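Chain by chain, the residues run as shown.
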Amino acid sequence: MAHKKIDLNQREIVGALRSHPGVSCFSIASIGKGIPDLVVGAFGKTFLCEIKGPQGKLRPSQVEFQKSWRGGGIIVLRSIDEVEAFFKQVSRWSVEGGA
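Thresholds applied
- Residues numbered from 1 in each chain as written.
- Predicted model: local features only at pLDDT ≥ 70, side-chain atom pairs only at ≥ 80, totals over all residues.
- Heavy atoms only, no water.
- Salt bridge = Lys/Arg side-chain N within 4 Å of Asp/Glu carboxyl O.
- Buried < 20%, exposed > 50% of the residue type's maximum accessible area, 1.4 Å probe, protein only.
- Phe/Tyr/Trp six-rings, centres within 6.5 Å; stacked < 30°, edge-to-face > 60°.
- Helix = DSSP H or I, 4+ residues; strand = E, 2+ residues; numbered from the N terminus.
- Pairing = 2+ DSSP bridges.
- Axes fitted to C-alpha atoms, helices over the stretch in contact; angles between N-to-C directions.
- Core = buried A, V, L, I, M, F, W, Y, C linked by side-chain atoms within 4.5 Å.
- Contact = heavy atoms within 4.5 Å.

### Here's the deal with the pattern of salt bridges
This model, assessed by the stated rule, comprises one salt bridge. Among the ionic pairs, Glu50 bridges to Lys52, the shortest N-O distance being 3.8 Å. Look at Glu50 and you get buried, because its relative accessible area is 1%.

Pasting the structure below:
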């Protein structure tokens, strides 16, 4: 079984996600097959997150997974700034009752 390459910024992004109170974050990167890198729980919702480097692009298997996924949207995170923007949006959904 081939090991999936872990993006260099994954540790930093996981740390930023976990630094928020009430957030759980688990790596599922080793599954591969286009499945996103992380499962994140926040504000009573579950998110799938793909970690990419600043210029990283989705692989064909990741694009195909996203097209076939019937759950909520998949979030691509490239930086700590994008983690913070993600939390601002998700906290708004929590207050507004949206998804």
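Okay, back to it.
### Points about the packing of aromatic side chains
This model, assessed by the stated rule, comprises three aromatic pairs. On the numbers, 5.2 Å between centres and 85° between planes, the contact of Phe47 with Phe86 is edge-to-face. Of this pair, Phe47 sits in strand β3 (residues 45-51) while Phe86 sits in helix α3 (residues 80-96), and the two are 39 residues apart along the sequence. The class for Phe86 is buried, based on a relative accessible area of 7%.

### A short note on the sheet that holds strand β2 (residues 38-42)
If you walk across this open sheet you meet the four strands as β1-β2-β3-β4, and the pairing is mixed. The strands lining the two open edges of the sheet, one partner per strand, are β1 (24-27) and β4 (74-77). For this sheet, the mean inter-axis angle between neighbouring strands, taken without regard to orientation, is 30°. Relative to β3, β2 runs antiparallel, the two being bridged by five bridges.

### Examining the nonpolar core
Within the largest apolar cluster, 18 residues are counted, with the highest numbers of intra-cluster contacts made by Leu17, Leu38, Val40, Phe47, Leu77 and Phe86. Elements with a contribution of two residues or more to this core: α1 (10-18), β2, β3, β4 and α3. Contacts of Phe86, omitting those with residues within four sequence positions, involve Leu17, Val40, Phe47, Ile75 and Leu77.

### Here we look at the environment of Val63
The topology assignment puts Val63 in helix α2 (residues 60-68). With 29 residues separating them in the primary sequence, Val63 and Gly34 have C-alpha atoms 7.3 Å apart.

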